[in-house]
Amino acid sequence: MSRTFKVLTPTEARIVGALGQTMYPREGGIPIDAAQARAIEYVDEWLAALPLRERVLVRLMFVLFEVAMPAFGPSRTRTFTRAAPEAQYEYLCAWESSRFYFRRASMFGLRSVFAFAYLADPEVQRQIGVNDGVDVLRRQRAASVADQVGADIDPNANVAVLVDAVDAVRVLDRERRTAASGGET
């Protein structure tokens with residue numbers, strides 16, 4: 001990864017890329033993975049817009065998921081980015097279903113960041129049926145596996161997170177355009 005980012009270091013960009021690919025792989029319900037959806041770039045732009053304190057906390061969250069793998073993961077000798085994809089997936093599932101609230105809450109925060117990043121991509125929006133609103137997506141959700149019990153990082157269950165995030169992504173995008181135009185609406 002030789003790109004230059006506004007906030008992310010090369011190591012953080014690798015972590016963000018690996019986390020995104022684990023949650024949104026090409027083999028998921030939507031044939032666009034996190035890399036194709038430019039999740040790293042979105043996260044970097046989003047971090048640049050955050051106040052310093054929150055920016056530092058989110059970056060620390062990414063590092064936490066990277067370095068905690070030897071303590072909590074199926075691969076006790078590797079960091080997240082060095083583990084096999086299957087171990088990465090199993091590791092994130094364990095965070096989501098942990099008996100410890102801190103781990104579940106951290107996973108919810110991580111999942112939220114990547115839902116926003118993934119949904120910001122126009123092709124992802126087109127693939128999930130978002131055209132003039134979320135009505136199509138809500139109809140899809142009604143018949144979706146997203147309402148079944150199970151890990152939300154399952155690529156087929158991410159529709160539930162996407163539905164809730166569509167409107168928020170639009171608000172963020174509108175605010176970003178307003179800020180870029182000097183506050184004019």
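The structure we're discussing is the one just above.
Here's what I pulled together on the structure shown here. Not measured: the values here are computed from a predicted model.

1. Regarding the packing of aromatic side chains
Piece 1. Overall, the coordinates contain six aromatic pairs when judged by the stated rule.
Piece 2. A ring pair is formed by Tyr-91 and Trp-95, whose centres lie 6.0 Å apart and whose planes are at 75 degrees; its orientation type is edge-to-face. One end of the pair is Tyr-91 and the other is Trp-95, both in helix H5 (residues 85–96) and four residues apart, which spans about a single turn. You'll find Tyr-91 and Trp-95 in the same group, each marked buried.
Piece 3. Taken together, Phe-65, Phe-72, Phe-80, Tyr-91 and Trp-95 form an aromatic cluster joined through their ring pairs.
Piece 4. Of note, Arg-103 hangs over the ring of Phe-72, and the distance from its end group to the ring centre comes to 4.3 Å.

2. A word on the pattern of salt bridges
Piece 1. Across all of its chains, the model carries six salt bridges by this definition.
Piece 2. Among the ionic pairs, Arg-59 bridges to Glu-12, the shortest N-O distance being 2.9 Å. Residue Arg-59 is located in helix H3 (residues 52–67), and its partner Glu-12 is located in helix H1 (residues 10–23); the two are separated by 47 residues in the primary sequence.
Piece 3. Note on Glu-12: relative accessible area 9%, which makes it buried.
Piece 4. Across the salt bridge formed by Glu-96 and Arg-111, the nearest N and O atoms sit 2.3 Å from each other. One end of the pair, Glu-96, is in helix H5; the other, Arg-111, is in helix H6 (residues 101–119), and 15 residues separate them in sequence. In this pair, the class of Glu-96 matches that of Arg-111, namely buried.
Piece 5. Linked by salt bridges that have partners in common, Arg-3, Arg-38 and Glu-41 make up one network.

Reading the values: rules and limits
- Sequence order sets the numbering: in each chain, residues are counted from 1 along the sequence as written.
- It should be noted that, the model being predicted, local features are given only for residues of pLDDT at least 70 and side-chain atom pairs only at 80 or more, the latter also being counted only at that level, while totals for whole chains, interfaces and linings use all residues.
- Processing note: side-chain calculations cover all non-hydrogen atoms of the structure and skip hydrogens and water entirely.
- Paired rings are identified among Phe, Tyr and Trp, the last through its six-membered ring, by centres lying within 6.5 Å, and are further divided according to the angle between planes into stacked (under 30 degrees), edge-to-face (over 60) and tilted (the rest).
- For helices the rule is a DSSP run of H or I covering at least 4 residues; for strands it is a run of E covering at least 2, with both sets numbered from the N terminus onward.
- In this scheme, a residue with accessible area under 20% of its type's maximum is buried, one over 50% is exposed, and one in between is partly exposed, where area comes from a 1.4 Å probe on protein chains only.
- Any Lys NZ or Arg CZ that is within 6 Å of a ring centre and within 35 degrees of that ring's normal is treated as a charge sitting over the ring.
- Just to be clear on terms, a salt bridge is a Lys or Arg side-chain nitrogen sitting within 4 Å of an Asp or Glu carboxyl oxygen.

From the geometry alone we can't say anything about function, so treat these as descriptive.
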